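This is what each chain is made of:
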Amino acid sequence: MNIEKHWGIFTDNTSNKRHLVSQLLKATSTSLFKDFQHKKGVLFSKLALLNFILEEDKHNDSGIIANKKQSLQSMSSGEQKKALFSHLLSVKPDFIILDNPFDNLDIDSQKELHKLICKKANEIVFIQLISRSIDLLPFIKKHAFLNKKEIQHISNLKAYLNSKKEVQFNTLIPKPISPLQYDGDTLVQLKNITVNYKDKTIIKNINWTIKKGEFWQLIGKNGSGKTTILSMITGENPKGYGQELYLFGQKKGSGESIWDIKKRIGYYTPSMTDKFKGYHTIENMIISGYNDSIGLYKQPTEAQKRLAKWWLELLGLNEIKKTLFLDLSLGLQRLVMIARAMVKQPLLLILDEPTAGLDDASALLFVTLINKIATESNTSIIFVSHRTEKNLSPSFIYKLKITSEGSLGSIKKAT
């Protein structure tokens, strides 16, 4: 195969990637991909990496690590993906399918993996499956779109990318039935917070104050301590005891209950629904936010139903409110989960990698909704993401920088 055979396949949340990957790996694909028939292919994906991690769990050996001093699980996301890429190259395939290779990587890790792939572009053929157009590898000159199971050739890439238009929400953010009462102006304050695990300092002397109505973006490399800080803010990290950590006006360990903290916070991360299998309607999923459950297991009140209807109208989903949550596209599921998190209009909304795995159109829709919430409600927002979402409009950025003595924090006003 020559290097002119590289393909970039754009996908959205309705694309049947599993079907396409199966065809390619079985070497039975036809049409645009007839050159891949009877060729040996391998898959670079999140699922492939997970399978090696499971193998490591079972046999104490993933089978892909040359350096036995470090387990696959103990590596950062960037190191894991580099190890997987090296392993796939070692089996000498004719082509490698790259399924969104840059997802869940910080900027520096993305650059490192990007460089590794580009170095091999003259030696091996790549088929890149792409949700976000910014990830398109520069050496790829052939493009297509996977419409469900159908491959559609893209003859004019610029026209295809320009066809993605911003969607507006025309209804105001609904008001809660019973607004949460809190008289203070400062919601969260971390004063000189340091967290150590064994002999390693994760974060050092962190100072961060979050006030009512502020929109923050939290950024930092993989392993910089973002998850540690979030667990301090939600009150779940016992390392907060004995430190100057104040949550909604109370010092950590002064008699507050974890439920007093949680009822004031809306939280969403995609992993919340990764294994969700319940048969709940869109309407009931939104209402379940009142009970802090995923899925509705109590009889809702008429007031709760009315508020859910307002959210459904805002999202343009009222006509399909009885549709099962699991039958929605990934992008629409994310919007529903934000409505669920906001139904009580919490004092603080935490979004942990909320756009991971979304296609361009769905990510834009999601970001538009978050900007609207920031503008039209009193809820403070912490948006955690490795990606730079160009349409996101935070007021402030809190950045973690890894040092030999632990990660340090800095604040800057967003441009």
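Note: the structure precedes this text.
Structure report, in brief. Quick caveat: nothing in here was measured; it's all calculated off a predicted structure.

1. Comments concerning the overall build of the chain
Argument step 1. The helix and strand tally for the chain stands at eleven helices and 16 strands.
Argument step 2. In terms of overall size, the chain behaves like a compact globule, its C-alpha atoms giving a radius of gyration of 23 Å where 415 residues would be expected to give roughly 22 Å.
Argument step 3. With the C-alpha coordinates aligned to their principal axes, the bounding extent of the chain is approximately 70 × 55 × 45 Å.
Argument step 4. A burial count over the chain gives 50% of its 415 residues as buried.
Argument step 5. In the chain, the share of contacts with a sequence separation of at least 24, taken over all contacts with a separation of at least 6, comes to 70%.
Argument step 6. For the chain, the computed accessible surface area is about 20,900 Å², with 49% contributed by carbon and sulfur atoms.
Argument step 7. Seen as two clouds, the 59 positive and the 40 negative side-chain charges of the chain have centres 1 Å apart.

2. Observations concerning a nonpolar patch on the surface
Argument step 1. A surface patch of nonpolar side chains, amounting to about 280 Å² of accessible area, comprises Leu47, Leu50 and Leu54.
Argument step 2. Position of Leu47 among the secondary structure elements: in helix H2 (residues 46-59).

3. Here's the deal with the sheet that holds strand S11 (residues 250-251)
Argument step 1. Within the open sheet, the four strands sit side by side as S8-S7-S10-S11. Their pairing is antiparallel. Lying at the two open borders of the sheet, with one neighbouring strand each, are strand S8 (200-211) and S11.
Argument step 2. Relative to strand S10 (residues 244-247), strand S7 (residues 186-197) is paired through four bridges, and the arrangement is antiparallel. Residue pairing for S10: Leu190 is matched across the bridge by Leu245.

4. Remarks on the packing of aromatic side chains
Both the distance between ring centres and the angle between the ring planes are used here to describe each pair of aromatic rings.
Argument step 1. If you walk through the whole model with that rule in mind, you get ten aromatic pairs.
Argument step 2. Look at Phe126 and Phe139: their rings are 5.9 Å apart centre to centre, the planes differ by 50°, and that puts the pair in the tilted class. Here Phe139 lies in the loop between strand S4 (125-130) and strand S5 (142-147) and Phe126 lies in strand S4, a separation of 13 residues in the sequence.
Argument step 3. Residue classification places Phe126 among the buried residues on the basis of a relative accessible area of 0%.
Argument step 4. On the numbers, 6.1 Å between centres and 40° between planes, the contact of Phe145 with Tyr160 is tilted. Here Tyr160 lies in helix H5 (residues 157-162) and Phe145 lies in strand S5, a separation of 15 residues in the sequence. The same class applies to Phe145 as to Tyr160, namely buried.
Argument step 5. Among the aromatic side chains, those forming a connected cluster through ring pairs are Phe44, Phe85, Phe126 and Phe139.

5. A word on the pattern of salt bridges
Argument step 1. Per the counting criterion, the structure on display carries 17 salt bridges.
Argument step 2. Taking the shortest distance from any N to any O, the salt bridge between Arg132 and Asp360 comes out at 3.1 Å. In this pair, Arg132 sits in the loop between S4 and S5 while Asp360 sits in helix H11 (residues 360-376), placing the two residues 228 residues apart along the sequence.
Argument step 3. Several salt bridges share partner residues, and in doing so they unite Asp103, Asp135 and Arg387 into one network.

6. So, empty space enclosed by the protein
Argument step 1. This model, assessed by the stated rule, comprises two cavities of 30 Å³ or more.
Argument step 2. Considered as a void within the structure, the largest cavity measures approximately 40 Å³ in volume.
Argument step 3. Looking at the largest cavity, the residues that line it are Asn104, Glu353, Thr355, Ala356, Ser385, His386 and Arg387.
Argument step 4. Looking at side-chain class alone, the lining of the largest cavity contains one nonpolar, four polar and two charged residues.
Argument step 5. Of the volumes computed, that of the second largest cavity is approximately 30 Å³.

What counts as what
- Note on numbering: residues in each chain are counted from 1, in written sequence order.
- For this predicted model, a pLDDT threshold of at least 70 governs which residues receive local features, and a threshold of 80 or more governs which side-chain atom pairs are given and counted, while totals over whole chains, interfaces and linings are taken from all residues.
- Water and hydrogen atoms were dropped before computing side-chain values, which therefore reflect all heavy atoms in the structure.
- Secondary structure is summarised from DSSP: a helix means a run of H or I of at least four residues, a strand means a run of E of at least two, and numbering begins at the N terminus for each.
- C-alpha atoms define the radius of gyration, and 2.2 Å times the number of residues to the power 0.38 defines the globule rule.
- Burial classes: relative accessible area under 20% of the type maximum marks a residue as buried, over 50% as exposed, and values in between as partly exposed (1.4 Å probe, protein chains only).
- In this description, contact between two residues means that some pair of their heavy atoms is separated by no more than 4.5 Å.
- Computed with a 1.4 Å probe, the accessible areas rest on the Shrake-Rupley method; for each residue, only the protein chains presented here act as cover.
- Under the convention used here, Asp and Glu are negative, Lys and Arg are positive, and both His and the chain ends fall outside the count.
- Charged groups are reduced to one reference atom each: NZ for lysine, CZ for arginine, CG for aspartic acid, CD for glutamic acid.
- Patches in this entry comprise residues that are over 30% relatively accessible and not in a salt bridge; like charges within 9 Å are linked, as are nonpolar side chains (Val, Leu, Ile, Met, Phe, Trp, Tyr) within 5 Å.
- Basic side-chain nitrogens of Lys or Arg form a salt bridge, by our definition, when they fall within 4 Å of a carboxyl oxygen of Asp or Glu.
- Being paired, for any two strands, means DSSP has found at least two bridges between them.
- Two aromatic rings from Phe, Tyr or Trp, using only the six-membered ring of Trp, form a pair when their centres are within 6.5 Å; if the ring planes differ by under 30 degrees the pair is stacked, by over 60 it is edge-to-face, and anything between is tilted.
- Of the grid points, spaced at 1 Å and generated over the protein atoms alone, those admitting a 1.4 Å probe that cannot get out make up cavities, while open sets with protein on both sides within 12 Å along at least five of seven lines make up pockets; any residue with an atom within 4 Å of a point is treated as lining.
- Grid points are joined across faces, edges and corners, and a volume is the space filled by probe spheres set on the points.
- As a working rule, the residues Ala, Val, Leu, Ile, Met, Phe, Trp, Tyr, Cys and Pro are called nonpolar, Asp, Glu, Lys and Arg charged, and the rest polar, with Gly in that last group.

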